[in-house]
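So you can see what is in the structure, the chains are spelled out below.
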Amino acid sequence: MNKLSILLMQAVFLLSYTCARAQPGTVRPLEPCACPVEIDSSFRTRCAYLIVPENRSKKNGKTIKLPFVLVESKNPNKKKDPVLFTGGGPGSSSLGWARGASRSPLINDRDCIAFEQRGTRYALPHLSSPELDDAIKESYRKNLNKDSMMVVGVKRYKKALESRGIDLSGYNTDETVSDIHDLLATLKADSVNLLGISYSGGLMLAVLKKDPSRIRSLILDSPLPTFVPIDEDEPANFNESLNILFERVARDSTDKAVYGNLKERFQQYFTAIGTKPFSIPYLEKGTKDSVRIQYTRSDLMGILVNTYYKRLPLVISDMIKGNHYPYIKQLLDRTFEYGNGPSGMRLSVYCADQTAYHSEKIGQQLYDAFPYLKGYHINDVYQELCDCWKVPPIKPETKQPFYSNKPALLADGELDNACRPLYIDRIHHYMPNSQRLLFRNEAHGVGGEDMTRFMQQFLENPYRKLASNKPEIVVY
């Protein structure tokens with residue numbers, strides 16, 4: 001063998017060795033566990049904890065346990081590329097999806113895997129503690145400034161979690177991306193279809209960016225791309241979805257007494273009430289004496305942001321007439337029974353992913369453009385809270401867009417008030433082999449039978465052009 005041949009062989013070996021070492025994903029220990037969610041017993045399921053470092057930047061640090069549920073397809077000729085789902089939020093649990101997957105046509109051809117993100121409901125540890133919820137309840141009971149009490153509650157919350165030995169700086173998108181790659185490596189999944197919704201739509205894009213080699217395709221429902229500054233967008237997104245809704249009401253409604261000039265009346269009313277306090281008598285469950293509880297425009301806006309769009313025109317009309325009581329009572333009932341504060345995982349992720357990179361100056365511009373929103377935190381994680389939470393930002397490169405030729409199915413509702421269809425257009429710009437679905441009569445998180453049908457067609461052949469036979473669903 002001549003010298004040139006030897007050098008070439010060495011070069012090939014070094015290149016392959018470097019590529020192998022560079023491929024993200026480490027095989028991690030698994031620990032069997034009882035399935036946290038009930039799955040149809042006719043399916044074979046695998047439930048286990050993936051054991052990963054809490055903070056990969058610290059050597060010999062603690063480990064945490066992240067559960068997953070793998071539901072096996074009964075098809076003996078099933079495809080070898082499973083669907084992997086993780087939830088949105090950030091902070092939502094993911095494992096309930098496995099129950100639905102066992103009843104979905106998706107299971108006919110592929111295994112389905114639901115993966116619980118670190119810090120969420122079934123993960124160990126779960127970033128949950130009552131201090132923030134208690135502070136919010138105290139603000140209502142004693143009519144204290146809610147923003148000030150949120151800060152008090154976040155400080156208590158952080159102290160409580162850290163007293164359990166939890167390293168809050170380890171709970172962010174960068175770590176979760178590594179968790180998913182570790183899961184794929186551990187399960188020896190050489191080809192996988194990633195399914196994400198809202199925040200986890202952007203999370204799945206970040207998984208693709210870190211290592212595309214295992215990724216066959218992506219399905220993203222109402223995605224929030226990592227490169228989008230949602231804190232700088234969301235008030236405008238809400239306003240834009242309202243304008244679409246108001247246009248439909250003006251066009252379609254025959255009850256002009258209730259819905260006439262709704263947009264103008266809405267903007268005038270909610271701008272005019274400003275910081276004016278209102279109050280209602282309220283009897284908290286388990287107590288004997290009612291108290292007068294104060295609320296403001298921010299409470300009313302919070303109700304509107306979380307109201308299903310089909311009910312929204314009536315709720316707005318009621319509020320403009322001063323009929324606040326049933327809506328505020330429902331808000332208080334939920335707050336006192338279940339709590340109303342962001343989870344620890346949501347705080348950590350948003351502070352690291354978004355608040356660390358957003359501009360407070362742009363936030364003020366939004367209030368100037370939409371005065372009816374002034375003083376309202378449309379996102380329940382904001383600068384003052386993150387100043388207390390104090391976690392480091394994710395890597396700047398995670399926030400940068402990237403190009404990919406992987407096939408993707410991108411869907412959104414035209415009435416989405418959080419992640420506008422503009423986002424799937426922006427993702428499409430960077431992913432030329434993606435297809436978009438616009439559901440004209442849906443909002444955030446389209447889901448449903450139609451979406452499942454498109455997902456099936458897409459998974460069968462991700463490069464084949466989809467078609468819609470319904471005018472309210474546009475494929476483009």
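This structure is a prediction, so every number in the text was calculated from the model and none was measured.

Conventions we followed
- Residues numbered from 1 in each chain as written.
- Predicted model: local features only at pLDDT ≥ 70, side-chain atom pairs only at ≥ 80, totals over all residues.
- Heavy atoms only, no water.
- Patch = residues over 30% accessible without salt bridge, like charges linked within 9 Å, V, L, I, M, F, W, Y side chains within 5 Å.
- Areas by Shrake-Rupley, 256 points an atom, 1.4 Å probe, with all protein chains shown as cover.
- Salt bridge = Lys/Arg side-chain N within 4 Å of Asp/Glu carboxyl O.
- Lys, Arg positive; Asp, Glu negative; His and termini not counted.
- Charge placed at Lys NZ, Arg CZ, Asp CG, Glu CD.
- Helix = DSSP H or I, 4+ residues; strand = E, 2+ residues; numbered from the N terminus.
- Buried < 20%, exposed > 50% of the residue type's maximum accessible area, 1.4 Å probe, protein only.
- UniProt positions renumbered as here; feature names shortened; annotations may be inferred.
- Axes fitted to C-alpha atoms, helices over the stretch in contact; angles between N-to-C directions.
- Parallel < 35°, antiparallel > 145°, perpendicular 65-115°, else oblique.
- Left-handed = near helix turned anticlockwise from the far one by under 90°.
- Contact = heavy atoms within 4.5 Å.
- Nonpolar A, V, L, I, M, F, W, Y, C, P; charged D, E, K, R; others polar.
- Core = buried A, V, L, I, M, F, W, Y, C linked by side-chain atoms within 4.5 Å.
- Domains from an automatic or database assignment.
- Buried area = accessible area lost by both parts, 1.4 Å probe.
- Pairing = 2+ DSSP bridges.
- Right-handed = clockwise from strand over helix to strand, strands pointing away.

Moving on: a negative patch on the surface. Taken together, the side chains of Asp147, Glu360, Glu384 and Asp387 define an acidic patch exposed on the protein surface. Looking at the element boundaries, Glu360 is found in helix 14 (residues 360-369). Judged by its relative accessible area of 44%, Glu360 falls in the partly exposed class.

This part is about the UniProt feature "domain: AB hydrolase-1" (unreviewed entry) in the chain. As recorded in UniProt, the sites labelled "domain: AB hydrolase-1" (unreviewed entry) are residues 82-235. Taken as a whole, residues 82-235 contains 44% helix and 14% strand, while its terminal C-alpha atoms sit 37 Å from one another.

At a minimum axis distance of 10 Å, the contact between helix 9 (residues 262-272) and helix 11 (residues 312-320) shows a crossing angle of 50°. One element, helix 9, and the other, helix 11, form an angle in the oblique class. Two packed elements cross with a definite hand, and for helix 9 against helix 11 that hand is left-handed. Only Pro313, Ile316, Ser317, Met319 and Ile320 of helix 11 make contact with helix 9, whose side of the interface consists of Leu262, Arg265, Phe266, Tyr269 and Phe270. Taken together, the residues of the contact of helix 9 with helix 11 sort by class into 8 nonpolar, 1 polar and 1 charged.

It is worth spelling out the nonpolar core at this point. Ranked by size, the top nonpolar core spans 109 residues in total, and within it Leu218, Phe266 and Phe270 carry the most contacts. Taken together, domain 1 (30-126 + 168-228 + 401-475) and domain 2 (128-165 + 229-399) each give at least three residues to this core, which thus spans both. Residues contacting Phe270, with those up to four places away along its chain left out, are Arg297, Leu300, Met301, Leu304, Met319 and Tyr372. Ranked by size, the runner-up nonpolar core spans 33 residues in total, among them Ile39, Val71, Ala101 and Phe454.

Attention now moves to the pattern of salt bridges. Counted by the stated rule, this structure contains 27 salt bridges. As a salt-bridge pair, Glu162 and Lys158 come within 3.0 Å of each other at their nearest N and O atoms. Residue Glu162 and its partner Lys158 are both found in helix 4 (residues 146-163); the two are separated by 4 residues, about one turn of the helix. A cluster of three or more residues bridged by salt bridges with shared partners is formed by Arg28, Arg56, Arg118, Glu175, Asp179 and Asp182.

In terms of domain boundaries, the chain breaks down into domain 1 (30-126 + 168-228 + 401-475) and domain 2 (128-165 + 229-399). Using only C-alpha atoms to locate each centre, domain 1 and domain 2 end up separated by 28 Å. If you look at the interface, domain 1 gives 37 residues, while domain 2 gives 36 residues. For the pair domain 1 and domain 2, the summed buried area comes to about 3000 Å², and 53% of that belongs to carbon and sulfur atoms. Considering only the surface of domain 1 that becomes buried against domain 2, Leu168, Leu415 and Asn417 emerge as the three largest contributors, covering 23% of it.

This part covers the sheet that holds strand 5 (residues 112-115). Across a sheet, strands are paired by hydrogen bonds formed along the backbone, either parallel or antiparallel in direction. Pairing is mixed across the open sheet formed by 10 strands, whose spatial order is 1-2-3-5-4-6-7-10-11-12. Of all strands in the sheet, those with a lone pairing partner are strand 1 (30-32) and strand 12 (473-475), marking the two edges. Neighbour-to-neighbour, the strand axes of this sheet turn through a mean angle of 20°, independent of strand direction. Pairing of strand 4 (residues 83-86) with strand 5, which is carried by 3 bridges, proceeds in the parallel orientation. Among the inter-strand pairings, Leu84 is bridged to a residue of strand 5, identified as Ile113. Its contacts with the sheet place helix 5 (residues 173-186) against strand 1, strand 2 (45-53), strand 3 (63-71), strand 4, strand 5, strand 6 (192-197) and strand 7 (215-221), and it is angled at close to 125° to strand 2.

What follows deals with the pairing of strand 5. Along any regular strand the residues' side chains alternate between the sheet's two faces. Neither face of strand 5 is open: one carries Cys112 and Ala114, the other Ile113 and Phe115, and all of them are buried. Sheet analysis places strand 3 next to strand 5, joined by 4 bridges and oriented antiparallel. Its bridge partner being in strand 5, Val71 is matched across the sheet by Cys112. Since strand 4 and strand 5 lie parallel, the crossover through helix 2 (residues 96-101) that links them has a hand, and here it is right-handed.

To continue, consider the packing of helix 7 (residues 230-252) against helix 11. Their axes nearest at 11 Å, the elements helix 7 and helix 11 cross at an angle of 90°. Considering their axes alone, helix 7 and helix 11 lie roughly perpendicular with respect to each other. Every residue of helix 11 that contacts helix 7 at Leu242, Leu245, Phe246 and Val249 is listed here: Leu312, Pro313 and Ile316. Considering only residue class, the contact of helix 7 with helix 11 consists of 7 nonpolar, no polar and no charged.

Counted residue by residue, strand 6 has 5 buried out of 6 residues, so it is predominantly covered. Bridge analysis of strand 4 against strand 6 gives 4 bridges, and the strand direction is parallel. Along strand 6, the bridge assignment pairs Thr86 with Gly196. Judged from the 6 bridges that link them, strand 6 and strand 7 form a sheet pairing that is parallel. Residue pairing across strands places Leu195 opposite Ile219, the latter belonging to strand 7. One crossover worth recording links strand 6 to the parallel strand 7 by way of helix 6 (residues 199-210), and it is right-handed.

Of note, Thr452 is situated in helix 17 (residues 448-460). Residue classification places Thr452 among the buried positions, given a relative accessible area of 19%. It is 8.0 Å that separates the C-alpha atoms of Thr452 and Ser104, two residues lying 348 residues apart in sequence. With sequence-adjacent residues up to four places away left out, Thr452 is seen in contact with Ser104 and Pro105.

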